[in-house]
Amino acid sequence: MASNQFNGLTMPVFSAFGWAGEEQALKFAISQLEQFIEALYFRLPRDTQSLFIAHGLDRTNQSVYLATTDEPELGLTIAFFTRPLSLEISLIITNKDVLAKTYRAANKESETADNLLQRLSGWNMHVQQMEYDPESGERTHYQDVYKDSTAALDAEITASVFSRANYLNGEEKWVVPLYISHRTDSEKVATMGLNVLSFSADRVKELMPVVDFFTGKVRKKKARPKKKTKPQAEPTETPVKKLSGSEEQFTYESELKPLHIQRGFVNLTPGHWPFFALNARTETRPVILQYGDQTDYKCSVWRLVQNDQARIVLSPAVHQWLEDNFEQEELIKITASKADEGKINIILEVAE
């Protein structure tokens, strides 16, 4: 019997897809999967939601998904399969035109692709060569271009795989689907309860740098000279000061820890939060952020509930810029100012 309460992906959910003819078990499992993907979607960051505009149940494959288009097979999909022995989370690209863009980017910047893929600890990649009939759309497996862990990649292998995939997918008679997957033992997942939502959200977050690269939202990482190590002053703050009209402004230098660079945020202090708060209930505030010669409208400032600390949460594009231009223990300079119509502008730059 279907359940209206979601308590996690329990073993009956996994087992249901291994039982032949157990209609009630399948109904229960499907109802739980639908509730899982609804709850997971609303836990994802807003920039991830804005990219994966669709989510739902795939009855044919007995799975649930996040998709970049209303028709999942026409874009990028992150699918969740509850098989009897595992929870499989897969980034799936099967559309020939989307694959062409993906492989073109990966072939052109294979070093960046290799760097991003090798960060996916515990993931596997499958690049599949299939015979393709453009009239009927029929596909037949021919061979695997690559089927192994992302950890087994290196710069040479990655360049070779994507060069071959780019060439083959460009031929009319071939299509080369791409799958990047992570499996977790079903019994382990079943013990997570509602924590399966945060676990799955973390796996999606791990995939996002690769997704952004494949969709053309990440620029090629630029090499930059190593800075000489030198003693660094403590982060300094200038108090908020009144400017002309209705504007206010402050500057602050924040020290970047490894976690800040890895996850894409910059910490301010509890004293900065009132600058961003609209009222006592405000928890986030959208900002216009300038970095390098770019402007981004997808960043925000969050209030950390436990201590009211203000934190600038970066969009994927600004996160990549942070990784490209800063190292741990470096200082980053933040200049924030209030403008008309309640807007807040932030400039991020290297501290002098």
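Details of the structure are given in the entry above.
A brief look at the structure comes next. By convention here, each chain's residues receive numbers from 1 onward along its written sequence. Residues qualify for local features only when their pLDDT is at least 70, as the model is predicted, and side-chain atom pairs are given and counted only at 80 or more; totals for whole chains, interfaces and linings, by contrast, use all residues. The side-chain quantities take in all heavy atoms of the structure and omit both hydrogens and water.

### Describing the overall build of the protein
Inclusion rule: Note on conventions: DSSP H or I runs of at least 4 residues are helices, E runs of at least 2 residues are strands, and numbering of each starts at the N terminus. The rule is simple: take the accessible area with a 1.4 Å probe, protein chains only, and divide by the maximum for that residue type; under 20% is buried, over 50% is exposed, in between is partly exposed. Residues count as neighbours in contact if any of their non-hydrogen atoms are within 4.5 Å of one another. Only the protein chains shown count as cover for residues, and all accessible areas are computed by the Shrake-Rupley method using a 1.4 Å probe.
For the protein, the helix and strand inventory stands at 11 helices and 16 strands. Of all 352 residues assigned to the protein, the portion counted as buried reaches 47%. Long-range contacts, defined here as pairs at least 24 residues apart, represent 62% of the contacts in the protein between residues at least 6 apart. Total accessible area on the protein stands at roughly 18500 Å², and carbon and sulfur atoms take up 48% of it.

### A short note on the environment of T284
Considering the arrangement of structural elements, one finds T284 in strand β12 (residues 284–291). Residue class for T284 comes out partly exposed when judged on its relative accessible area of 32%. Counting along the chain gives 18 residues from T284 to W302, while the straight-line C-alpha distance between them is 4.4 Å. Residues contacting T284, with those up to four places away along its chain left out, are R46, W273, V301 and W302.

### Overview of the nonpolar core
Convention followed: Throughout, nonpolar core names a set of buried Ala, Val, Leu, Ile, Met, Phe, Trp, Tyr and Cys residues whose side chains join them through atoms within 4.5 Å.
L9, F80, M125, V127, I180 and F214 are the most contacted members of the largest nonpolar core, which totals 64 residues. It is helix α8 (residues 195–214) that provides the largest number of residues to this core, a total of 11 residues. Once residues lying within four places of it in the same chain are set aside, the contact partners of F80 are F36, I37, L40, S63, V64, Y65, L66, E88, I89, S200 and V204. Residues F250, L268, Y291 and V301 belong to the second largest nonpolar core, which totals 27 residues.

### Quick look at helix α11 (residues 316–325)
Taken across its 10 residues, α11 has seven buried, putting it largely inside the fold. All of the buried residues along α11 are V318, H319, Q320, W321, L322, E323 and D324. In this structure, the buried side of α11 is in contact with α9 (258–263), β11 (265–267), β12, β13 (294–304), β15 (331–338) and β16 (344–350).

### Brief notes about the environment of R83
Test applied: Two N or O atoms count as a polar contact when they lie within 3.5 Å, although within protein this holds only if one can serve as hydrogen donor and the other as acceptor, and sequence-adjacent residues are included solely when both atoms are side-chain atoms.
Of note, R83 is situated in strand β3 (residues 76–83). When neighbours within four sequence positions are excluded, R83 is seen to be in contact with F14, E88 and S186. A polar atom in the side chain of R83 sits 2.3 Å from the side chain of E88.

### Thoughts on the pairing of strand β6 (residues 139–149)
Note the cut-off: Any two strands with at least two DSSP-identified bridges between them are counted as paired.
Taken together, the nine bridges between strand β5 (residues 124–132) and β6 define a ladder with antiparallel strand orientation. Looking at the pairing, M125 lines up with D148 of β6.

### Details of unusual backbone geometry
Look at Q62: it is not a glycine, yet its phi comes out positive at around 50 degrees. Q62 gets classed as partly exposed once you look at its relative accessible area, which sits at 31%. With phi around 60 degrees, E341 is a residue other than glycine that occupies positive phi space. By the secondary structure assignment, E341 is in the loop between β15 and β16. According to the relative accessible area criterion, E341 is exposed, its value standing at 72%.

### A look at a negative patch on the surface
The criterion, for reference: Within the patch definition used here, like charges are joined within 9 Å and nonpolar side chains (Val, Leu, Ile, Met, Phe, Trp, Tyr) within 5 Å, considering only residues with over 30% relative accessible area and no salt bridge. Each reported salt bridge corresponds to a side-chain nitrogen of Lys or Arg within 4 Å of a carboxyl oxygen of Asp or Glu. When charges are counted, neither His nor the chain ends are considered; positive counts come from Lys and Arg and negative counts from Asp and Glu. Note on charges: their place is set at NZ of Lys, CZ of Arg, CG of Asp or CD of Glu.
Among the surface-exposed residues, D133, E135, E138 and E172 lie close enough to one another that they form a single negatively charged patch. Its place among the elements puts D133 in the loop between β5 and β6. We classify D133 as partly exposed; its relative accessible area is 34%.

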